[in-house]
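# Architecture and fold: a report
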Amino acid sequence: MTKILPAILLVLTLAASAAGQDGTQPAPSFASWLKNAYTTNRQNISRSAAKVPEEFYGLRPGPQMEVRTFGQIVGHLANFNYLWCSQAKGEKNPNEGRDLEKLPSKAELTKALGDAFAYCDGVYGSLTDASAQQVVEITQEDGRKARLNRVSLLVLNYGHNNEHYGNIVTYMRIESIVPASSEPRQP
């Protein structure tokens, strides 16, 4: 993952630069693009989590598979949004010591997810190209300290959310539920 992240950033930066060179309008900044991408992804995940009935929160894609249930994915996303956004903010994780994957009900899981996204909204909302490049110190899972640009954490968070949105879509399709991103657009 650490080798892929710089490549993703480079491709997105080059694409944003090329998009603005046709003379019609300036290319949006990378920070602006990331804010919009996060917001769209956040809405798709939240709407999909709300749409799935409680009875399917225990759904796994197969009887013997060692994979998360639908509800555990929702809790997992809440856990990691708190983790990476707190590190991007330079704050102590407000969820430290709690495993939101273990919450027992849809109501508790969707509330935890909404709270985690609300916590992240501030760091994405205030992101500028300058603040994106500020170096933050993080503690990795093995306890080692590392320093990286704030935007690296936020791209990691966005990518992680997007990867698990793919899981959410699959689980919903198994039960013939239309995911948020596939719903007809409202005028």
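See the structure shown above.
The paragraphs below set out a description of the structure included in this document. (Residues numbered from 1 in each chain as written. Predicted model: local features only at pLDDT ≥ 70, side-chain atom pairs only at ≥ 80, totals over all residues. Heavy atoms only, no water.)

### Concerning unusual backbone geometry
Positive phi is not limited to glycine here, since Ser176 has a value of about 60°. Note on placement: Ser176 falls in the segment after α6 (150-174). (Helix = DSSP H or I, 4+ residues; strand = E, 2+ residues; numbered from the N terminus.)

### Side note on the packing of helix α2 (residues 30-51) against helix α4 (residues 106-125)
It is the contact of α2 with α4, at a shortest axis distance of 11 Å, that shows an interaxial angle of 170°. When the axes of α2 and α4 are compared, the pair comes out roughly antiparallel. Across the interface between the two elements, Leu34, Lys35, Tyr38, Arg42, Ile45, Ser46, Ala49, Ala50 and Lys51 of α2 pack against Lys106, Thr110, Leu113, Gly114, Phe117, Ala118, Cys120, Asp121, Tyr124 and Gly125 of α4. The residue inventory of the contact of α2 with α4, partitioned by class, reads 10 nonpolar, four polar and five charged. (Axes fitted to C-alpha atoms, helices over the stretch in contact; angles between N-to-C directions. Parallel < 35°, antiparallel > 145°, perpendicular 65-115°, else oblique. Contact = heavy atoms within 4.5 Å. Nonpolar A, V, L, I, M, F, W, Y, C, P; charged D, E, K, R; others polar.)

### As for the environment of Pro61
Here Pro61 shows up in the loop between α2 and α3 (70-89). For Pro61, a relative accessible area of 35% gives the class partly exposed. In sequence terms Pro61 and Asn167 are 106 residues apart; their C-alpha atoms lie 9.6 Å from each other. Excluding anything up to four places from it in sequence, Pro61 contacts Val67, Arg68, Tyr171 and Ile174. (Buried < 20%, exposed > 50% of the residue type's maximum accessible area, 1.4 Å probe, protein only.)

### A closer look at the side chain of Glu101
Along the chain, Glu101 turns up in the loop between α3 and α4. The exposure class assigned to Glu101 is buried, which follows from its relative accessible area of 18%. Side chain to side chain, Glu101 and His76 meet in a polar contact 3.2 Å long. Aside from chain neighbours lying at most four places away, what touches Glu101 is Arg68, Gln72, Gly75, His76 and Asn79. (Polar contact = N/O pair within 3.5 Å; in protein donor to acceptor, adjacent residues only side chain to side chain.)

### Points about the packing of aromatic side chains
By the definition in use, this model includes eight aromatic pairs. Look at Tyr38 and Tyr124: their rings are 3.8 Å apart centre to centre, the planes differ by 5°, and that puts the pair in the stacked class. Highlighted residues: Tyr38 in helix α2 and Tyr124 in helix α4, separated in sequence by 86 residues. Across the pair, Tyr124 and Tyr38 agree in class, each one buried. Ring pairing ties together the aromatic residues Phe30, Trp33 and Tyr158, which thus form one cluster. (Phe/Tyr/Trp six-rings, centres within 6.5 Å; stacked < 30°, edge-to-face > 60°.)

### Some words on the state of the cysteines
Per the counting criterion, the structure on display carries one disulfide. With a sulfur-sulfur separation of 2.1 Å, Cys85 is cross-linked through a disulfide to Cys120. Note on the Cys85 and Cys120 pair: the S-S dihedral is about 110°, so by sign convention the disulfide is right-handed. Within this pair, whereas Cys85 is found in helix α3, its partner Cys120 is found in helix α4, the two being separated by 35 residues in sequence. Each of the two residues, Cys85 as well as Cys120, counts as buried. (Disulfide = S-S within 2.5 Å.)

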